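Understanding the architecture of this molecule
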Amino acid sequence: MSEYVYIRDTNFSAMLETALKHLHEALTRRWREQAARAIELNQALPMVPTPGGSGYHQRHLGSAWFGPAWSYSTLPARAHVDSGACRYLAWVHGGQNGDLNSVRCDGSITEAVVIDPRTGTHVAMPPAIDCGVGRILRQVEEWAWAERTRVFAALPLFDHHDVLEIEHAYRAYAAMERLMVTGEQPTAGPDRRSFSTRSAATLPQAVEEIAGHGGGWIAEWTGLAAESFRTGFGASVRPTLDHHLGVARALGGLYRARAAIIEKGRREALYRITAATVALDARVTVISDPTPGLRAIQGIGLLIAPLGAPKAGGFLLLTWFLGDVFHQLGLLPTSERETHRHGPQEVLDELHGEVGALNRELNRLESELSEEVLRLRETIHGLHSYHLELYDLTQNNPVGTADVRTTAVKTEVVERLARHCADAAEDYQTLQRLLTRTASADPHLAGRDGQATHADAAIVEVRDLLHSFLRTTCARYHLAGEQLKAAARAYREVDADQRRILDSKLSALEGRSSIDIGQWAMATERRYDPFEGHRARAGAEPGWSQTDEPYIVEGDQHDGS
């Protein structure tokens, strides 16, 4: 499956102007044909705007617009037209080649006397009149321009949106996902510092090691201090990573949904104008959808991963930017055959109906986008800080309260845990830098008028909230490493040989952080108290008593009790 090539023009109104220019030309051509036929048959012009029509002409056109610019029903006018000497009518029937302003009609009348059909009397005719057919044909062009303006006013504009910037933001979320799922580091940009002391563990591996899943350090470090670490900090690392992954995935889906709405509005507007133009143009009878449009998007929610599912080890969701939108939701290009079967008014009525339907569809999609982002925000607000930015270590006694002489420990285990915490903190700094990249797309998260909707503002709010969670988590990993080193030094007091060996290893970890750990490790400020009634309030007690499934899944939100 190849990637979809979306519209990247940041001056989309210019593309619309070009398409509408062709629509205006085709409508003018057809209406002139109709006007010529009506003049020849001495009938009313079918395209004359009426004050009581849609209301548009009443507001925007002067009184002179309602009615033809020249009366072609007078005896001299009929004598000129009926003789077949009108150059303007001949120009219309000849294909309207060249510019109308280059056509000249002398208004000649070949019959010196004509019979008045109303009275039956003979009436003498002048040799020529001031032919007004050209004025009517120019007036027709102005009426067509008014219709073009009416269509433009109804179209969803999406003018200066840069979908490429939204794609770049989406790719940043995809890079965050890869780092959290597979440990893959970003390949571009200064997002990585190299440390010779770094372990071989990736972020997901470091989290598994710290959590003690599958045994690991739990068998080598026992006692109250070890149990406190396992059920407190260790139990919080996996749900925190899972929820960061879930929020990043959901945000990536929301950015993609916004891009899909923009693309739908743009592509389908162009398609509808093009189809109407082809239907009006007698010289082209068949069209095979030159600008494949999005016919419908059934469910914005299909583009967004629900928070909590899948887990960190699940499938990669953020792969294609817009290409798989078409594949997943059946938005494949369609072909239509348009022939010159319908009159101009039928084509215009259908076009206005389709533009109205498009706007209603976009309103539905905007509403769904708003519902999805609000659902995500409410889900996040319902989670305890323990599940979003780790167990709060800021009030811990770093050396614990247990008698170290009653504790069995290999100092290499504590040193390894400290190293994993430092590695995780480093990866979380990379996640922060990746998330910062998405800010360039903020001006382009906007509705059809270029203004950010409530949904767009909420998306940015969730993104900023995630950044705060990542920063706090990063600091708490650093803090955990510092407290582990402090605990290790307490253990060393029992064994001088262990002290000498451990000092050489721990010294390599000094100075790995340039951030204000104490400040960043404080809980993220939120507009309500997320710790209300929670047993792990402010980190005073462990939030979980067991490590199996310490995260939420869709429809099953744990409160930590």
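Before going into details, it helps to say that this report is about the structure given with it. (Residues numbered from 1 in each chain as written. Predicted model: local features only at pLDDT ≥ 70, side-chain atom pairs only at ≥ 80, totals over all residues. Heavy atoms only, no water.)

What to know about the overall build of the chain
The secondary structure content of the chain amounts to 15 helices and two strands. In the chain, which comprises 561 residues, the proportion classed as buried is 52%. Of the contacts made within the chain by residues no fewer than 6 positions apart, 84% connect residues no fewer than 24 positions apart. For the chain, the exposed surface amounts to about 24,600 Å²; the carbon and sulfur share of it is 52%. (Helix = DSSP H or I, 4+ residues; strand = E, 2+ residues; numbered from the N terminus. Buried < 20%, exposed > 50% of the residue type's maximum accessible area, 1.4 Å probe, protein only. Contact = heavy atoms within 4.5 Å. Areas by Shrake-Rupley, 256 points an atom, 1.4 Å probe, with all protein chains shown as cover.)

Details of the packing of helix H1 (residues 12–40) against helix H11 (residues 344–381)
Across the interface, H1 lies against H11 with an axial gap of 10 Å and an inter-helix angle of 145 degrees. Of the residues in H11, those in contact with Leu23, Leu27, Arg30, Trp31 and Gln34 of H1 are Pro344, Gln345, Leu348 and Leu351. Tallied by class, the residues present in the contact of H1 with H11 amount to six nonpolar, two polar and one charged. (Axes fitted to C-alpha atoms, helices over the stretch in contact; angles between N-to-C directions. Nonpolar A, V, L, I, M, F, W, Y, C, P; charged D, E, K, R; others polar.)

Digging into the pattern of salt bridges
Enumeration according to the criterion identifies 28 salt bridges in this entry. The shortest N-O distance in the salt bridge between Arg171 and Glu167 comes to 3.1 Å. A residue pair is termed a helical-turn pair when its members lie 3 or 4 positions apart in one helix, as Arg171 and Glu167 do in helix H6 (residues 163–181) at four residues. Judged by its relative accessible area of 10%, Glu167 falls in the buried class. Of the charged contacts in the structure, one is a salt bridge between Lys264 and Glu268, with a shortest N-O distance of 2.9 Å. With Lys264 and Glu268 both in helix H9 (residues 233–280) and four residues apart, this pair spans about one turn of that helix. (Salt bridge = Lys/Arg side-chain N within 4 Å of Asp/Glu carboxyl O.)

Comments concerning the environment of Ala144
Counting through the fold element by element, Ala144 comes out in helix H5 (residues 133–154). Since its relative accessible area comes to 1%, Ala144 is described here as buried. Between the C-alpha atom of Ala144 and that of Leu27, which follows or precedes it by 117 residues, the distance is 6.1 Å. Here Ala144 is in contact with His24, Leu27, Thr28 and Trp31, once residues within four sequence places are set aside.

Description of the nonpolar core
Among the nonpolar cores identified, the biggest contains 135 residues, and Leu45, Tyr88, Val133, Met176, Phe233 and Tyr477 are the most heavily contacted of them. Of the residues forming this core, the biggest block, 22 residues, is contributed by H9. Contact partners of Val133, with chain neighbours within four places excluded, come to Ile39, Trp70, Cys86, Tyr88 and Leu89. (Core = buried A, V, L, I, M, F, W, Y, C linked by side-chain atoms within 4.5 Å.)

Looking at the packing of H1 against H5
Relative orientation of the contacting elements H1 and H5 amounts to 140 degrees, with a least axis distance of 8 Å. Taken together, the axes of H1 and H5 lie oblique to each other. For the crossing formed where H1 meets H5, the hand is right-handed. Of the residues in H5, those touching H1 at Leu16, Glu17, Leu20, His24, Leu27, Thr28, Trp31, Arg32, Ala35 and Ile39 are Val133, Ile136, Leu137, Val140, Glu141, Trp143, Ala144, Trp145, Glu147, Arg148, Val151 and Phe152. Looking at the contact of H1 with H5 residue by residue, the class counts come to 15 nonpolar, two polar and five charged. (Parallel < 35°, antiparallel > 145°, perpendicular 65-115°, else oblique. Left-handed = near helix turned anticlockwise from the far one by under 90°.)

Looking at the packing of aromatic side chains
Applying the stated criterion across every chain yields a total of six aromatic pairs. Ring geometry for Tyr170 and Phe321: centres 5.3 Å apart, planes at 50 degrees, overall tilted. Placement of the pair is Tyr170 in helix H6 and Phe321 in the loop between H9 and helix H10 (323–329), with a sequence separation of 151 residues. For the residue pair Tyr170 and Phe321, the accessibility class agrees, reading buried in each case. Among the aromatic residues, ring-to-ring pairing joins Tyr6, Tyr170 and Phe321 into one connected group. (Phe/Tyr/Trp six-rings, centres within 6.5 Å; stacked < 30°, edge-to-face > 60°.)

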